[in-house]
Amino acid sequence: MDPSSGQENKDYAPGWPGVVPTWTSSDKSGVGTALGAESRVWFTISHGILNEIYYGRVDQACTRDMGMIVTDGSGFFSEEKRDARHEVTTLAPGVPAYKLTNTCERQRYIIEKDVLADPVRDAVIQHTNFTPLQGDMEDYHLYVLLAPHLANRGNGNTAWIGEYKGVTMLFAHREAFSLALACSIPWKRCSVGFAGTSDGWQDLKQHGQMEWTYPRAENGNVAVTGEIDLAASGGEFVLTVGFGSTPGEAGHRALSSLLTPFDEHVGQYVREWEDWQRTLINLEARPETEKDFYRTSTAVLRTHEAKNFPGGFIASLSIPWGNSKGDADLGGYHLVWPRDLVETAGGLLAAGGKEDMDRVLHYLRATQEPDGHWPQNMWMDGTFYWTGTQVDETALPILMLELAYREGALPSNASERLWPMVRRAVGFVARSGPVTDQDRWEEDAGYTTFTLAAEIAALLVAADLAEICDEPDVAQYLRETADAWNANIERWIYVKDTDIAKQIGVEGYYVRIAPPGSTKSGSRLRGYVEIKNRPESDSVKPAANVISPDALALVRFGLRAPDDPHILNTLKVIDAMLKVETPFGPSWHRYNDDGYGEQEDGSPFDGVGIGRAWPLLTGERAHYELAAGHADIAERLMHAMESFASIGGMIPEQVWDSADMPEKELYCGRPTGSAMPLVWAHAEYVKLLRSIRDGRVFDMPPQTVERYLKKKTGSPFAIWRHNNKIRGMPAGKTLRVEVLEPATIRWSVDGWQTVQATQTKDTSLGVYMADLPTDKMHAGEIVELTFYWNNSGRWQGENFTIAVS
């Protein structure tokens, strides 16, 4: 059928619309792109073949995969991605161009492929050599199969056999996206069909050689197949996949890439990458390391940057558990998470990539929301994908700016240019904290150590910039707020006398306070110990607390010393509950009863699962050990991160932490079906190399260290606000009341026998505050207050009580 016309056409491929489309494995062994802006394609490699190719924008996947099948026409059927052993090397150190060697498990053939992007146009190039190990060339048939998934969708694609300037090509089109597959040797045969019904795989599996030659497959989940003329090519040929907004553009780029000698492509591609790598500092791995994970990691970081949105970095060129995800999962991880972007920029900065910082800050300025925050995640153009808000994603860009200044990556006069962005961001932090909307793991509102630490550090950093930009009152308010939040960390998130504390033999430990029913992508947070010593000063009333390595952020951001007894107690609990020993080294879970990972039987995560160990957390623990003076432990953990990587050096989001399941390619300490590479993990690895070299934590803010670790600065304030309605405060504190619009505070300390009225003061950050002179009050006395809202002319209608303790 021709679905667009409704007319029967016997020449069209049957079986419309094909099976329900899915993506493919996230187990990448390589990712790559050309450095020049003229080439707007990114490619990925897994199981010895090309996987997703992204075109136009780094957040738009346009293929599922492209691999080869070998037959002999009489019973032998071998698919290289399933039936061969795979080796992956780069064409040059630190250059994301790959040599793939696929050796048939039955020792019948070897396929060797060099893969890279055309340095000056929108095309991916694959130079291929097919060598028989048994028999002669004429004993075999070789086919290439490509599955278009244009513009992030497997449905709605149309494929056909066509020509561009007399050269036969296989085309696909969907909306404003087109691709063309061309070969340096004329195709022996071609066909297009619907995946799972009339595609080339089905034909070859049934017949051992091509019998179907359908010219067109309309508006479905399509696949294209071409037979290589082995006799004419001698087993050596070049394939190009060109892209464009029209079939003509795609055909032009595919043919233009073919007309350029392959060695010229390689020379320019490698030269540009090597020139860039030479701008970075020398942090190469130690001699005992087989692979140069440092240069692999820097290439991974830079590969994930957009071309037409400079400074925009996505989280991963992968779709977690992609072979079980379809068109409904448009984002995958090829989205911008501002947190991951900042961590990526920090990794580049640690490697000496100073020239990258201006692009990143420009991108952040362009995508900042009017109220100062950034979307939880977004497409390259800044359009929201998820609609949540994470305050740490607004705090971290402020810290990155300070780090860039400290590393000499920004001119001294950049303060005036960047202060408006920082001012809006820190205003959002001041209005939103200390309770978070969501934490860095996409969980729901509560108190989290990571976000609190990032918020407090960002307040102090922004205060310094406020002074430079001649806003001393703003600077004072930000420092006072940071001090008050820092002084309350233990009251908010350090619990004592729980069952877990008794079992492990500690007084208490830091927790992430989460409300009942918190989830991540459908995962249930279940079985937490109930809080027994919840301070009366807190307004959030969760049912449970969550143990997480995030507590180490208090050390990473300079708020607590590594040997602080609270930290040491928490470490014991973290290790007892979250640490996993693998054959390749230790790693940690994100938190207890995490539900984001494969299911118990190894099935893909589908909204339900069991969280696995994260190599990223191994790097964060290594940073803690370095801060604590344990450089030898930090180095061992750094090597563990390397050991968790794929054969191509890609560091995964998670590693399997249970018994091996070979039938599902799950091995203890090896990558799971989660995102790989996780760019944040590579950034953490690069920062760890820099930290180990320097003998200090690379990205620890000096402001917090000076103020809280050296000077031990406390706070004279107890802060009441609507997202933190304290019910008690220590004696000797001034009660600071903060609201988000002008108000008159009516308050009393003697049960309303006498009443005082205090006007709030505008901080110019969207916060209105008033300091009530309560520092002389004694334990047992009570402050009562209510509000008259000046703008709307209305009373609050309720009173609030704060007891002095």
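Our subject is the structure that appears above.
Attention in this report is confined to the structure presented alongside it. Quick caveat: nothing in here was measured; it's all calculated off a predicted structure.

## Observations concerning the pattern of salt bridges
And step 1. Per the counting criterion, the structure on display carries 50 salt bridges.
And step 2. In this structure, R479 and E467 form a salt bridge, with 2.9 Å as the shortest nitrogen-oxygen distance. With R479 in helix α12 (residues 472-487) and E467 in helix α11 (residues 449-468), this pair connects stretches of sequence that are 12 residues apart.

## What to know about the state of the cysteines
Each disulfide is one covalent bond, formed between the sulfur atoms of two cysteines.
And step 1. This structure, assessed with the given rule, holds zero disulfides.
And step 2. Free cysteine: C190, not disulfide-bonded; nearest cysteine sulfur from C183 at 9.1 Å.

## Digging into unusual backbone geometry
And step 1. Cis geometry marks the peptide bond from W16 to P17, where omega comes out at 5°.
And step 2. Along the chain, P17 turns up in the segment before β1 (30-33).
And step 3. The phi dihedral of E175 falls on the positive side, at around 50°, and the residue is not glycine.
And step 4. Position of E175 relative to the elements: it lies in the loop between β12 (167-174) and β13 (177-183).
And step 5. Judged by relative accessible area, which is 59%, E175 ranks as exposed.
And step 6. The residue D593 is not glycine, and still its phi comes out positive at about 60°.

## Section: the pairing of strand β14 (residues 189-194)
The two faces of the sheet receive side chains in turn, since in a regular strand these alternate between them.
And step 1. Of all six residues making up β14, five are buried, and the element is well covered by its neighbours.
And step 2. Two strands pair when backbone bridges link them, and β14 and strand β16 (residues 222-228) are joined in this way by six bridges, in the antiparallel orientation. Residue pairing for β16: S191 is matched across the bridge by T225.

## Quick notes on the packing of helix α17 (residues 615-627) against helix α18 (residues 631-643)
And step 1. Axis separation between α17 and α18 bottoms out at 8 Å; the angle between their running directions is 165°. The orientation of α17 with respect to α18, classified from their angle, is roughly antiparallel. The element α17 and its partner α18 pack so that their crossing is left-handed. For the pair α17 and α18, the contacting residues are P615, T618, G619, R621, A622, E625 and L626 in the first and A631, I633, A634, L637, A640 and M641 in the second.
And step 2. A per-class count over the contact of α17 with α18 returns nine nonpolar, two polar and two charged.

Calculation criteria
Residues numbered from 1 in each chain as written. Predicted model: local features only at pLDDT ≥ 70, side-chain atom pairs only at ≥ 80, totals over all residues. Heavy atoms only, no water. Salt bridge = Lys/Arg side-chain N within 4 Å of Asp/Glu carboxyl O. Helix = DSSP H or I, 4+ residues; strand = E, 2+ residues; numbered from the N terminus. Disulfide = S-S within 2.5 Å. Buried < 20%, exposed > 50% of the residue type's maximum accessible area, 1.4 Å probe, protein only. Pairing = 2+ DSSP bridges. Axes fitted to C-alpha atoms, helices over the stretch in contact; angles between N-to-C directions. Parallel < 35°, antiparallel > 145°, perpendicular 65-115°, else oblique. Left-handed = near helix turned anticlockwise from the far one by under 90°. Contact = heavy atoms within 4.5 Å. Nonpolar A, V, L, I, M, F, W, Y, C, P; charged D, E, K, R; others polar.

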